[in-house]
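Coordinates in review
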Amino acid sequence: MPALPVTCPLLAPKSGGGLCWHGDSPEPGGEHLPGAWLSRLGSAFARSTGEGLLELSRPAPGALPVSLAFWARFAREFLNQVRRLPDFSTAGREGPELPPGVLGSLSAAFPPLPGYEVVAEVFLARQWGELSAALGGRVALGQPLAETLAELNPAWRLVGRVTLHLAENRRSPEFPFVFLATYGHGLDARGHVRHLPLARALKDFAAQKDEAGLKSLLEPLREGARRSPWLGGLVESKQVFQPLPWTPTEAWNFLRESPVLTEAGLVVKVPDWWSKKGGKRPKVLVTVEAKKEGEAEKPAAANASSGGSYLKFNLDVALGDTPLTPEEIEKLLACEAPLVSLKGQWIELDRNKLRQALDHWRRAAAASANGVPFLTGLRWLAGGPLAVEAIGSETAATEEGWVDFASGPALEAMLASLRDPANLLAEDFTIPGLQATLRPYQRDGVRWLHQLGKLGLGACLADDMGLGKTLQIIAFLLLRAETKRPTLLVVPASLLGNWTRELNRFAPSLPWFIAHPSALDGPARRRLQDGSHPALKTGGIILTTYTMLGRLPALLENEWDTAILDEAQAIKNAGTGQARVVRQIRARVRVAMTGTPVENRLTDLWSLFDFLNPGLLGSASAFQAVCAAMAESDEGFAPLRRLIKPFLLRRLKTDPGVAPDLPPKTEVNAYCHLTKRQAALYQRALRDLKRELAEAGEDKTKRGGVILGSLLRFKQICDHPSLFNGDAVYAQADSGKFSRLREIAEGVADRREKMLVFSQFREMTDPLAEFLAEVFGVAGLILHGGTPVEHRPRLVERFQSDEGPPFFVISLKAGGTGLNLTAASHVVHFDRWWNPAVEDQATDRAFRIGQKRAVLVHKFVCEGTMEERIDSLIAGKRELAADVLSNEGSAVQMLNGLGDEELLDLMRLEEKDVE
């Protein structure tokens, strides 16, 4: 064995070598110890002898040489003695005394090595002191002794604790289990726990008058007996101190109590087939399957959830994946014992609950002879609280885990293709009339939409902004044109022009009509109202806006083949009038387009899917209850993910199949200093906030209003004092952000590139445009909520042209969606919306398909202010939104959860960051 890279005086005073050899002859053992382990041990001895001995107390990766084996035993005996101390610290006590009996046995056990034929006890006592110093040093650093011991060897967690064992006894059919209680007395020479029968440990501690040992033995037993009447009976009868042969029922009583006993501080050892959730159970297996062609009823109404039955199901009773025979089922239903041996293994059985579940599903099968709605079957398959809520509370057995659900082969194949469109069969797939070449991932998206459309199911196309959702929808509509039924396309007013251009460009054969005051005269409105408009008869596309949807009754009265929502986050708040109107649309197929299916909270998701597939997520109140239950469950939100996955397609720009089509994007924080004028206003606003919080007191509504108003004031001050004061001066010297913007804009101008500048404040757009015109030497463009709808396409066209203006100033909410502005390679967020999804939407005006240059995103942050601190909250919110699952509210809601002092600390100004 190689020598340790350290000289240690413990074992080789004559040779000057390392620990593991003496002279030229290696000791027995140690030939296969890993070099990394030897190196770690050598490093520990280099720090101190005590640290080296502590390292030796760990479990070894192989057989140790005789000298190392002795010192490993020595170190473990030291730790055994330490563990029995009432306390251990470097203050007032260096460590346990070395008991004379232990000292004598260790001295006698020392191997006869060269130079140590006779070992003085004072030498061993000195090494005992080295161990005391090393361990005391660790504890002095604040690490509890129990953690220190467990770090050296996890087996220490069992030392000093009572363990209750349940084992199988295959030799006795009448008593197939045996119970035994033991005490972890210490570690043996190999580092394993040395168990003593509980009665033996009790006698030893009593004989030695070891009060600490008796306390560590009896206290968890008393606590366990207090929490568990079952254990209390064993303790009172003193049966707990002797081995007990048990019947299956007695064993099950113990297994059922094991969580309570563990909480009381006892260690519970049970057979491998029993887990925290219980034993393996026979369950009613509900297999949901797609009907064969000709079996399924076609939907008569607008959506599959309210239409005919699509799925059938059959029943089995199964143990895992193995169905049981009728004879085995009858045997189980006749058995009264809670533990039963079946197929060579022990299973948990409650015959009443199993029968209850079986009877419930037999009744359900009889009542659903024609099958079940597609969406209901999917809720069953999702499992967890979603399945329980879908089934109803008629049977408590379902909630307690006596039912499993599985999908049949045909349904599983269908769902696999919907969860991942790449699994769809590569059939001959042509799109007549499409004047474009689809990228592979776009082609997959169209096939996915088409498949759901044929099933009459709703689809959410949630690709990252800029990946061509519009083109995919147009290709899908060309495929739907064969129905000869009209399509309703609802978009924000700002996108009407963009849609008409894209339709003319990619699908000139599709007729379209705009139902909006900008294009709807009196006669056309009447023809739309009475159903005589040609577009309603030829399978054309009616484009309208969310606002007009509620003003034109014909749009809600007509039967549409397909209804499509663009920027569908517009209905994220289910209680708004806009969302309620959208839910009144009557259509066979429903599609939502959004890059942010969840912006802030899970109710966003519910509102979206209540339009797409009504009933899939249950009622709003039931969905909230289900989400609360999932948040507390071991699976978390996995059932929800499984349920919505077939209906939600989200590809990111970073995905392998997409990334090659896009140049890189880099996001950086552009840090800015406050000017003296800004700092003075900021401090005044901070004082106002403190006063207003005190006045609001415990009134949550008033407090939320105070926080919202303060956030707005702080953001205005960080942008420019004139935005806060309203004096319309906007001098560059008064704003650190204006100075930073000049630095960035000058570089963009020098490279003859283009930039987008976003601000949430409409009042900032004109001052920013005037300032940038001075930097670039030419006027730019402005877009905000007051820009007429008909002017917006011309602004985009001007900016996109090679000779167009070099910058475009846009208010975030008015221009953060729907625009294609790939001429820009720089994006500036002059102020922060504090919602990463909204910011990404704005960034994706430039970072989208068609972009040929790398995109650099500058996010302005004033150092030392609340902008810098709240920026750290955005990262966590971004992760939640990316998961399409979030319980986070808005920035105001998050801040409203802070106490006054915490909030004021978050908003404080660090004076050193002021210019």
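Our structure is the block above this text.
Notes on the structure follow. Keep in mind it's a predicted model, so treat the numbers as computed, not measured.

1. Regarding the overall build of the chain
The number of helices and strands found in the chain is 38 helices and 28 strands. Here the chain, with 915 residues, has 53% of them falling under the buried criterion. Sequence-distant contacts, at least 24 apart, represent 73% of the contacts inside the chain between residues at least 6 apart. Of the roughly 40,000 Å² of accessible surface on the chain, a fraction of 51% belongs to carbon and sulfur atoms.

2. Some words on the environment of G786
With respect to the element layout, G786 can be found in the loop between β25 (781-783) and α33 (792-800). Note on G786: relative accessible area 38%, which makes it partly exposed. As for G786 and R762, which are separated by 24 residues in sequence, their C-alpha atoms are 8.9 Å apart.

3. Quick word on the pattern of salt bridges
If charged atoms from side chains of opposite charge come close, those side chains can pair. Per the stated rule, a full pass over the model turns up 35 salt bridges. In this structure, R677 and D734 form a salt bridge, with 2.9 Å as the shortest nitrogen-oxygen distance. Taken together, the residues R677 in helix α28 (residues 676-696) and D734 in the loop between α30 (721-725) and α31 (736-750) connect sequence positions 57 residues apart. Overall, R677 belongs to the partly exposed group, its relative accessible area being 30%. Given the relative accessible area of 18%, D734 is considered buried. Where salt bridges share partners, they join K665, E667, R832, E839, K859 and D871 into one cluster.

4. Focus: the environment of E236
If you trace the backbone, E236 turns up in helix α9 (residues 229-236). Classification of E236 by relative accessible area gives exposed; the value is 69%. As for E236 and A225, which are separated by 11 residues in sequence, their C-alpha atoms are 8.9 Å apart.

5. Some words on the packing of helix α13 (residues 374-382) against helix α16 (residues 409-419)
At a minimum axis separation of 13 Å, α13 and α16 run at an interaxial angle of 90°. Judged on the interaxial angle alone, α16 and α13 are roughly perpendicular. Residues F374, L378 and L381 of α13 lie in contact with α16, whose contacting residues are L411, M414 and L415. When grouped by side-chain class, the residues that make up the contact of α13 with α16 number 6 nonpolar, no polar and no charged.

6. Focus on the pairing of strand β28 (residues 855-862)
Across the 8 residues that make up β28, a large majority, 7, are buried. Alignment of strand β23 (residues 665-672) against β28, held across 8 bridges, turns out to be parallel. When the bridges of β28 are listed, E667 appears paired with V857. One ladder, built from 4 bridges, connects strand β27 (residues 826-829) with β28; its direction is parallel. Residue pairing in the sheet places H826 in a bridge with L856 of β28. Taken together, β27, helix α35 (residues 836-843) and β28 constitute a β-α-β crossover, and its handedness is right-handed.

7. Examining the nonpolar core
Formed by 125 residues in total, the largest nonpolar core has its most connected members in F374, W499, I585 and L640. Per-element accounting of this core gives the leading share, 8 residues, to helix α18 (residues 469-480).

8. Here's the deal with the sheet that holds strand β22 (residues 648-649)
Taking strand neighbours across the sheet as the criterion, the 7 strands line up as β18-β19-β17-β20-β21-β16-β22 in an open arrangement whose pairing is parallel. Of all strands in the sheet, those with a lone pairing partner are β18 (512-515) and β22, marking the two edges. Docked against the sheet, α18 engages β16 (459-461), β17 (487-491), β19 (541-545), β20 (559-565) and β21 (586-593), running at close to 160° with respect to β21. In this fold helix α25 (residues 602-612) packs onto β16, β20, β21 and β22, with an angle of close to 145° to the strand it touches most, β21.

9. Let's talk about the side chain of E692
Positionally, E692 belongs in helix α28. When its relative accessible area of 18% is taken as the criterion, E692 is described as buried.

What counts and how
- Residues numbered from 1 in each chain as written.
- Predicted model: local features only at pLDDT ≥ 70, side-chain atom pairs only at ≥ 80, totals over all residues.
- Heavy atoms only, no water.
- Helix = DSSP H or I, 4+ residues; strand = E, 2+ residues; numbered from the N terminus.
- Buried < 20%, exposed > 50% of the residue type's maximum accessible area, 1.4 Å probe, protein only.
- Contact = heavy atoms within 4.5 Å.
- Areas by Shrake-Rupley, 256 points an atom, 1.4 Å probe, with all protein chains shown as cover.
- Salt bridge = Lys/Arg side-chain N within 4 Å of Asp/Glu carboxyl O.
- Axes fitted to C-alpha atoms, helices over the stretch in contact; angles between N-to-C directions.
- Parallel < 35°, antiparallel > 145°, perpendicular 65-115°, else oblique.
- Nonpolar A, V, L, I, M, F, W, Y, C, P; charged D, E, K, R; others polar.
- Pairing = 2+ DSSP bridges.
- Right-handed = clockwise from strand over helix to strand, strands pointing away.
- Core = buried A, V, L, I, M, F, W, Y, C linked by side-chain atoms within 4.5 Å.

Interpretation in functional terms is not warranted from these geometric data alone.
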